[in-house]
Amino acid sequence: MGSLQRQTSPESDNDPRYAAVTDERKRKRMISNRESARRSRMRKQKQLGDLINEVTVLKNDNAKITEQVDAATRKYVEMESRNDVLRAQASELTERLRSLNSVLEMVEEISGQALDIPEINPWQVSCPMQPIRASADMFDC
């Protein structure tokens, strides 16, 4: 059948012992609830402090990474600028070589002698390629 219900008699409501037991239970429950609420507030406060610390750490990490990206970008722009200069120099030297070859061809025509004018491709050097050495600090950020 249903749940068992406690039978209360009109005398038990008026019984001081019953009232004292009920009051004691209420008081203990109130104290327990207050303590539970205090622990809950402390837990939330600790979680908030942990999150604030994590935000601080992440902001610091973000600032470091941003600085590294900025340094790498500056290094990239510097290298790109150097490459532009080298390309311009290579273009100028190629044009000079063409000009010298045309002068040699004119000298050959005027003198009537066959000159040995090598076909030089500025991008194919006759000497073996030497490794390009770069300092390690070139890539430091």
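As annotated in an unreviewed UniProt entry, the protein chain carries the name BZIP domain-containing protein and is attributed to Brassica campestris. According to the UniProt record, the Subcellular location (unreviewed entry) comment for the protein chain is "Nucleus".

Undergrad: I tried to follow the overall build of the protein chain on my own but got confused; where do I start?
TA: When helices and strands are tallied, the protein chain shows 2 helices and 0 strands. Residues counted as buried form 4% of the 141 residues belonging to the protein chain.

Undergrad: What exactly am I supposed to notice about helix 2 (residues 16-111) here?
TA: Spanning 96 residues, helix 2 covers 140 Å between terminal C-alpha atoms, matching the ideal 142 Å at 1.5 Å per step. Gly-112 sits one or two residues past helix 2 and shows a positive phi near 75°.

Undergrad: Just checking my understanding: could you explain the pattern of salt bridges for this structure?
TA: Two side chains carrying opposite charge are able to pair once their charged atoms lie near each other. Counted under the stated rule, the structure contains 10 salt bridges. Salt-bridge contacts for Glu-35 lead to Arg-39; the nearest nitrogen and oxygen are separated by 3.8 Å. With Glu-35 and Arg-39 both in helix 2 and 4 residues apart, the pair spans about one turn of that helix. Relative accessible area serves as the criterion here: at 30%, Glu-35 is assigned to the partly exposed category. Overall, Arg-39 belongs to the partly exposed group, its relative accessible area being 42%. When the shortest N-O distance is used, the salt bridge between Lys-46 and Asp-50 registers 2.9 Å. Taken together, the residues Lys-46 and Asp-50, both in helix 2 and 4 residues apart, mark about one turn of the helix. By relative accessible area, which is 54% here, Lys-46 ends up exposed. Each of Glu-35, Arg-38 and Arg-39 takes part in one network of salt bridges that share partners.

Undergrad: So what exactly am I meant to see when it comes to the environment of Thr-22 here?
TA: Tracing the backbone shows Thr-22 in helix 2. Side-chain polar atoms of Thr-22 contact the backbone oxygen of Tyr-18, separated by 2.8 Å.

Undergrad: How should a nonpolar patch on the surface be read in this particular structure?
TA: Judged by side-chain polarity, Val-103, Leu-104, Met-106, Val-107, Ile-110 and Leu-115 come together as a nonpolar surface patch covering roughly 530 Å² of accessible area. Note on placement: Leu-115 falls in the segment after helix 2.

Parameters and conventions
Residues numbered from 1 in each chain as written. Predicted model: local features only at pLDDT ≥ 70, side-chain atom pairs only at ≥ 80, totals over all residues. Heavy atoms only, no water. UniProt positions renumbered as here; feature names shortened; annotations may be inferred. Helix = DSSP H or I, 4+ residues; strand = E, 2+ residues; numbered from the N terminus. Buried < 20%, exposed > 50% of the residue type's maximum accessible area, 1.4 Å probe, protein only. Expected span 1.5 Å × (residues − 1). Salt bridge = Lys/Arg side-chain N within 4 Å of Asp/Glu carboxyl O. Polar contact = N/O pair within 3.5 Å; in protein donor to acceptor, adjacent residues only side chain to side chain. Patch = residues over 30% accessible without salt bridge, like charges linked within 9 Å, V, L, I, M, F, W, Y side chains within 5 Å. Areas by Shrake-Rupley, 256 points an atom, 1.4 Å probe, with all protein chains shown as cover.

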